[in-house]
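Letter by letter, the chains look like this.
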Amino acid sequence: MADAYDLTGKSAYVAGHAGMAGQAIVRVLDHAGCRVLTAPRTLDLREQTKVREWFADNRPEVVIIAAARAGGIMAHRERPAEFAYDNVMIAANLIDTAARHAVERLVFVASSAIYPRGAAQPIKESAFLQGAPDPGHLGYAIAKIAGATLCDTYRAQYGCDFMTAVPTNLYGPGDRYDPVKSHVVPALIRKAHEAKIAGNEAMTIWGTGTPRRELLFVDDFAEACAHLVKHGQGGGLFNVGTGEDIAIRDLAALVAETVGFRGKIVTDPAKPDGAQGKRIDSTRLRATGWRPKTDLRSGLAATYRDFLSRGDGGVAA
Ligand SMILES: NC(=O)c1ccc[n+]([C@@H]2O[C@H](COP(=O)([O-])OP(=O)(O)OC[C@H]3O[C@@H](n4cnc5c(N)ncnc54)[C@H](OP(=O)(O)O)[C@@H]3O)[C@@H](O)[C@H]2O)c1
């Protein structure tokens, strides 16, 4: 393996530091000895002039782009222009400004939505640009494709050491436990917790419970971002996942156990199932020495502790 880039003492800017992934990345970079920089939440990353001024004042040496406007399938379908515009602007402004300020290493956080619909699973990085993404996520996906392509083209034309992390579904402390808008893990945590408190005999999950999800604990993802800065030689895309997936029904049972809900779990096949599942192949990143450390049971326990510690379940965050 080539020599690692030394993070100690580097000024590292985490864009999106208040988000679930951003908070974890701040913790990990701080622990790695970086001087972590964050921008005020009033800095709108879509605005080029303000972003350039902030870089001129703060001069980061390392940049991790974990800022994005992200939503679920319904939001992506109903407001595709917002997801396209915001995420294109965030990626383009930050990547171009980082190049102008000779940032030494940059990791752009994309999403597995960049891959073609129906790509062979587990999806390898080589599937990138081999077909159109799922039309339900088009605006968001095209913006993330643009971000990954900017990293590649700035590397090719200007020699920038920029690369792209492609995470699977993330969960963990700092998530939003909104019963309607949240991802599968925080939604199940809230549902199981409320069923326990109400003394219900059963909790109902949407759909058949058979779709499968690959889930990565957010601290493991943050470690992967720091690892990529140190060892992501060659750039391009790096999938970041566990390689394992779980059926929603089994996940619901594990969440119920974590929360202490002892009633039945009932499926509601009249409700939509969503995607049947998507697994990514993280062999490339693993070959550089990264491994996820947190098993699902421990990750869920940490997430439930976070839920309990936030009075509103983070909905108002
Ligand atoms: N969570 C997942 O399962 C998952 C899966 C695949 C990929 N990803 C990607 O991973 C990254 C982090 O996700 P996450 O779950 O941590 O998202 P998150 O919790 O929604 O955090 C995103 C952050 O970006 C900030 N942001 C959005 N628009 C901004 C703007 N115009 N100017 C400044 N800041 C802005 C938000 O700030 P405010 O809170 O102030 O709005 C928020 O702090 C994103 O790129 C996402 O697309 C996430």
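Residues numbered from 1 in each chain as written. Predicted model: local features only at pLDDT ≥ 70, side-chain atom pairs only at ≥ 80, totals over all residues. Heavy atoms only, no water.

Going by an unreviewed UniProt entry, the protein carries the name GDP-L-fucose synthase and comes from Croceicoccus naphthovorans. Regarding the protein, the relevant UniProt record gives this comment under Pathway (unreviewed entry): "Nucleotide-sugar biosynthesis; GDP-L-fucose biosynthesis via de novo pathway; GDP-L-fucose from GDP-alpha-D-mannose: step 2/2." The record held by UniProt for the protein lists under Sequence similarities (unreviewed entry) the comment "Belongs to the NAD(P)-dependent epimerase/dehydratase family. Fucose synthase subfamily." (UniProt positions renumbered as here; feature names shortened; annotations may be inferred.)

Participant: Let's hear about helix H2 (residues 48-58): which residues, and what values?
Facilitator: Restricting attention to buried positions, one finds in H2 the residues Val51, Trp54 and Phe55. Looking straight down H2, one finds its buried side chains confined to an arc of 100°; they lie on one side. With respect to the buried face of H2, the exposed residues turned more than 90 degrees away are Thr49 and Asp57. Buried residues along H2 sit against strand E1 (11-15), strand E2 (35-37), strand E3 (62-65) and helix H4 (80-100). Directly beyond the C-terminal end of H2, a positive phi value near 45° is found at Arg59. (Buried < 20%, exposed > 50% of the residue type's maximum accessible area, 1.4 Å probe, protein only. Helix = DSSP H or I, 4+ residues; strand = E, 2+ residues; numbered from the N terminus. Arc of directions from axis to C-beta. Contact = heavy atoms within 4.5 Å.)

Participant: With reference to specific residues and values, describe unusual backbone geometry.
Facilitator: For the peptide bond that leads from Gln121 to Pro122, omega is -10°, which places it in the cis range. Along the polypeptide, Pro122 turns up in the loop between strand E4 (105-109) and helix H5 (138-158). Phi at Arg59 takes a positive value of approximately 45°, unusual for a residue other than glycine. Non-glycine residue Leu129 carries a positive phi angle of around 65°. Mapped onto the elements, Leu129 comes out in the loop between E4 and H5.

Participant: A description of H5 should follow, citing residues and the corresponding values.
Facilitator: Here H5 is 21 residues long and its end C-alpha atoms lie 29 Å apart, about the 30 Å a rise of 1.5 Å per residue gives. Among all positions in H5, only Gly139, Tyr140, Ala141, Ala143, Lys144, Ile145, Gly147, Ala148, Cys151 and Tyr154 are buried. Next to the buried residues of H5 lie helix H3 (73-78), H4, E4, strand E5 (162-167) and strand E10 (236-240). A positive backbone phi angle near 75° is found at Gly159, which sits one or two residues after H5. (Expected span 1.5 Å × (residues − 1).)

Participant: Requested: an account of the nonpolar core, with residues and values cited.
Facilitator: General note: in soluble globular proteins, nonpolar side chains tend to be found buried as a group. Formed by 36 residues in total, the largest nonpolar core has its most connected members in Tyr13 and Leu106. Ranked by residue count, the leading element in this core is H4, at five residues. Other than its neighbours up to four places away in sequence, Leu106 contacts Val63, Ile65, Leu94, Ile95, Ala98, Cys151, Asp161, Phe162 and Met163. Tyr5, Cys34, Ala226 and Phe238 belong to the second-largest nonpolar core, a separate cluster that totals 32 residues. (Core = buried A, V, L, I, M, F, W, Y, C linked by side-chain atoms within 4.5 Å.)

Participant: Mind laying out the sheet that holds E10, listing which residues take part and the relevant values?
Facilitator: One open sheet accounts for six strands, arranged E2-E1-E3-E4-E5-E10; its pairing is parallel. In the strand order of this sheet, the two ends are held by E2 and E10, each with one partner. Within the sheet, the average angular offset between the axes of one strand and its neighbour, ignoring direction, is 20°. With five bridges joining them, E5 and E10 adopt parallel strand pairing. Bridge assignment links Val166 to a residue of E10, and that residue is Asn239. In the packing of H4 onto the sheet, contacts are made with E1, E3, E4 and E5, and the angle to E4 comes to roughly 175°. (Pairing = 2+ DSSP bridges. Axes fitted to C-alpha atoms, helices over the stretch in contact; angles between N-to-C directions.)

Participant: Now, about the environment of Tyr177: what can you tell me, with residues and values included?
Facilitator: Looking at the secondary structure, you find Tyr177 in the loop between strand E6 (169-171) and helix H6 (184-198). When its relative accessible area of 0% is taken as the criterion, Tyr177 is described as buried. Counting along the chain gives ten residues from Tyr177 to Ala187, while the straight-line C-alpha distance between them is 5.8 Å. Of the polar contacts made by the side chain of Tyr177, one reaches the backbone oxygen of Thr303; its length is 3.3 Å. (Polar contact = N/O pair within 3.5 Å; in protein donor to acceptor, adjacent residues only side chain to side chain.)

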